[in-house]
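Coordinate analysis (summary)
Chain by chain, the residues run as shown.
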Amino acid sequence: MATGKIIKALSGFYYVFHEGAVYQCRGRGLFRKKKITPLVGDLVEFQAETMKEGYILSIQDRKNEFVRPPIANVDQALIVTSATNPDFNPLLLDRFLVLIEAKRLEPVIVISKMDHIDKSVAVKMEDYRKIYEEIGYEVILASVYEKNTLDQIKSQLANRTTVIAGQSGVGKSSLLNSIDPRLNIDTDEISKSLGRGKHTTRHVELYEMAGGLVADTPGFSSLEFGDLQLEELSECFPEFVQVQDQCKFRGCLHFKEPKCAVKQGVDNETISKLRYEHYMHFVQEIQNRKPRY
Ligand SMILES: Nc1nc2c(ncn2[C@@H]2O[C@H](COP(=O)(O)OP(=O)(O)OP(=O)(O)O)[C@@H](O)[C@H]2O)c(=O)[nH]1
Ligand SMILES: [Zn+2]
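Every residue gets a number counted from 1 within its own chain, in the order that chain's sequence is written. Ligands are numbered from 1 and chains lettered from A, in the order in which they are written. For a predicted model such as this one, the threshold for reporting local features is a pLDDT of at least 70, and the threshold for listing and counting side-chain atom pairs is 80 or more; totals across whole chains, interfaces and linings nevertheless cover every residue.

Under an unreviewed UniProt entry, the chain has the name Small ribosomal subunit biogenesis GTPase RsgA and belongs to Halobacillus seohaensis. UniProt positions are given in the numbering used here, feature names are shortened, and annotations may be inferred rather than shown by experiment. Per its UniProt entry, the chain bears the Sequence similarities (unreviewed entry) comment "Belongs to the TRAFAC class YlqF/YawG GTPase family. RsgA subfamily." Per UniProt, the comment on the chain under Subcellular location (unreviewed entry) is "Cytoplasm".

Here it is in structure tokens:
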């Protein structure tokens with residue numbers, strides 16, 4: 001018996017990665033009876049006579065699990081946003097950050113296409129870098145044409161399971177292909193070869209990259225906050241969490257309450273005003289959300 005990680009699930013087979021090799025396995029009949037579905041990302045105990053005749057015996061407890069894409073045990077999300085084409089959008093970046101924090105994932109921020117901007121935009125990007133680094137986030141200013149920036153991304157991938165997030169056209173596939181030219185990831189091609197449309201496919205596969213595993217399907221198909229509550233929203237801003245004990249009221253939501261440490265932080269510029277404005281934007285969005293029954 002050995003322990004491995006499921007990196008692909010297709011047509012009733014699970015592909016288990018173990019010490020550099022991949023074993024084609026089936027689940028135990030018992031799983032179906034108990035309605036247990038192994039997920040990509042699962043750590044499993046398995047037994048294999050040959051590379052193509054394995055059996056998954058048991059699944060280890062999951063650290064987390066996601067429905068879209070269907071994947072378990074994700075460590076971090078690499079949020080790719082571009083400095084240009086499309087223009088850098090800090091509101092969208094904060095939206096991704098909230099979604100990732102809400103899932104208790106570690107975010108890494110990549111600002112791509114740094115080779116394609118003029119000096120004034122580069123200065124702006126450095127300012128943004130400061131804002132996010134001060135919160136404690138890892139920020140990488142990258143370009144597919146600058147190897148050292150790709151190396152910085154690589155070092156974040158090692159020994160972890162990563163999902164990539166980011167809007168269309170920011171350069172997600174370009175970055176992954178530049179980091180590992182063997183991959184040649186093109187979601188379009190993958191979907192076509194499976195005979196399904198790009199948007200309907202729910203297939204997900206983990207690729208070995210830079211000593212870690214990366215999901216080929218972009219994470220977070222929806223940018224909606226779903227059922228996120230206001231109390232949870234403020235927990236998704238680490239710089240608010242850091243000072244919230246100093247708010248006068250317990251459970252302070254940092255908008256109407258007096259003697260609020262977050263609002264004071266904005267006033268004396270220890271908390272970014274832009275981040276606070278985005279927080280308020282999301283507060284309104286959640287307050288205006290239609291109740292679902
Ligand atoms: N100048 C420059 N262009 C880049 C860089 N990275 C990507 N691009 C270009 O940006 C465009 C979009 O890149 P993709 O890698 O397809 O973006 P994506 O995020 O994977 O897009 P989707 O597949 O739609 O989600 C392509 O024309 C790339 O050549 C970069 O670092 N510098
Ligand atoms: Zn407060």
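All right, on to the domain arrangement of the chain then. Each assigned domain of the chain is listed here: domain 1 (2-60), domain 2 (71-215) and domain 3 (230-287). Boundaries between domains were set according to an automatic or database domain assignment. The C-alpha-based centres of domain 1 and domain 2 are spaced at 28 Å. Note that contacts rest on C-beta atoms placed from the backbone: two residues are in contact if these are within 7 Å. Across the boundary between the two partners, domain 1 contributes seven residues, which contact nine residues of domain 2. Counted by class, the side of domain 1 that touches domain 2 contains four nonpolar, one polar and two charged residues. For this classification, the nonpolar set comprises Ala, Val, Leu, Ile, Met, Phe, Trp, Tyr, Cys and Pro, the charged set comprises Asp, Glu, Lys and Arg, and every other residue, Gly included, is treated as polar.

To continue, consider unusual backbone geometry. Between Arg 68 and Pro 69 the backbone carries a cis peptide bond, its omega angle lying at -5°. By the criteria applied, helices consist of DSSP H or I runs no shorter than four residues and strands consist of E runs no shorter than two, each listed in order from the N terminus. Considering the arrangement of structural elements, one finds Pro 69 in the loop between strand 6 (65-66) and strand 7 (71-72). Residue Pro 86 follows Asn 85 across a cis peptide bond; omega there is 0°. A positive phi angle is found at Asn 159, which is not glycine, with a value near 65°. As for its position among the elements, Asn 159 is in the loop between helix 4 (147-157) and strand 11 (161-165).

Right, let's get into the site of ligand 1. In the vicinity of ligand 1 there are 15 residues, among which Ser 168, Gly 171, Lys 172, Ser 173 and Ser 174 approach most closely. When residues in the shell around ligand 1 are grouped by element, the largest group, three residues, is from helix 5 (residues 172-179). Looking at the shell around ligand 1 residue by residue, the classes come out as two nonpolar, ten polar and three charged. Think of it this way: take the backbone, place a C-beta atom on it, and check whether that atom is within 6 Å of the molecule or strand, in which case the residue is near it.

When DSSP finds two or more bridges between two strands, those strands count as paired. Judged by pairing direction, the barrel is mixed, and its five strands sit side by side in the order 1-2-3-5-4 before closing back on the first. Sheet twist, expressed as the average angle between the axes of neighbouring strands with direction ignored, equals 55°. Bridge count between strand 1 (residues 2-10) and strand 2 (residues 13-18): five bridges; the pairing is antiparallel. Considered in strand 2, the bridge of Lys 8 is made with Tyr 15. To get an axis, a line is fitted to the C-alpha atoms, and for a helix only the part in contact is used. The angle between two axes follows their N-to-C directions and goes from 0 to 180 degrees.

This part is about the UniProt feature "binding site: Zn(2+)" (unreviewed entry) in the chain. Mapped onto this numbering, the UniProt entry annotates "binding site: Zn(2+)" (unreviewed entry) at Cys 247, Cys 252, His 254 and Cys 260. The residue Cys 247 is located in the loop between helix 8 (238-243) and helix 9 (261-267) in this model. Ignoring any residue separated from it by four or fewer positions in sequence, one finds Cys 247 in contact with Cys 252, Glu 257, Lys 259, Cys 260, Ala 261 and Val 262. As for its placement among the helices and strands, Cys 260 is situated in the loop between helix 8 and helix 9.

This part takes up the pairing of strand 13 (residues 212-215). Sheet topology note: the strand 11/strand 13 ladder contains two bridges and is parallel. When the bridges of strand 13 are listed, Thr 161 appears paired with Leu 213. Sheet topology note: the strand 12 (residues 206-209)/strand 13 ladder contains four bridges and is antiparallel. When the sheet's bridge partners are listed, Tyr 207 is paired in strand 13 with Val 214. Counted between consecutive antiparallel strands, the loop separating strand 12 from strand 13 contains two residues, among which Ala 210 sits at a positive phi close to 50°.

Turning our eyes to something else, we now look at the sheet that holds strand 13. Read across the open sheet, the six strands follow the order 10-9-8-11-13-12; overall the sheet is mixed. With one partner strand each, in any of the chains shown, strand 10 (138-141) and strand 12 form the two edges of the open sheet. The mean inter-strand angle of the sheet, taken between neighbouring strand axes irrespective of direction, is 30°. Bridging between strand 8 (residues 76-82) and strand 9 (residues 106-112) involves seven bridges; their strand directions are parallel. Bridge pairing in strand 9 places Ser 82 opposite Ser 112. Its contacts with the sheet place helix 5 against strand 8, strand 9, strand 11, strand 12 and strand 13, and it is angled at close to 115° to strand 8.

It is worth spelling out the environment of Asp 180 at this point. Summarising the element assignment, Asp 180 is placed in the loop between helix 5 and helix 6 (187-193). Partly exposed residues are those falling between the two cut-offs: more than 12 but fewer than 20 other C-beta atoms within 10 Å of their own, whereas 20 or more means buried and 12 or fewer means exposed, with C-beta atoms placed from the backbone. Owing to 17 C-beta atoms within 10 Å, Asp 180 belongs among the partly exposed residues under this scheme. Along the chain, Asp 180 and Met 209 lie 29 residues apart, while their C-alpha atoms are 6.8 Å from each other. Setting aside its immediate chain neighbours within four residues, Asp 180 contacts Met 209 and Ala 210.

The length a helix should cover is 1.5 Å for every residue beyond the first. Between its first and last C-alpha, helix 3 (residues 119-135) extends 25 Å over 17 residues, near the 24 Å set by a 1.5 Å rise per residue. Two residues or fewer past helix 3, Gly 136 is found with a positive phi of approximately 115°.

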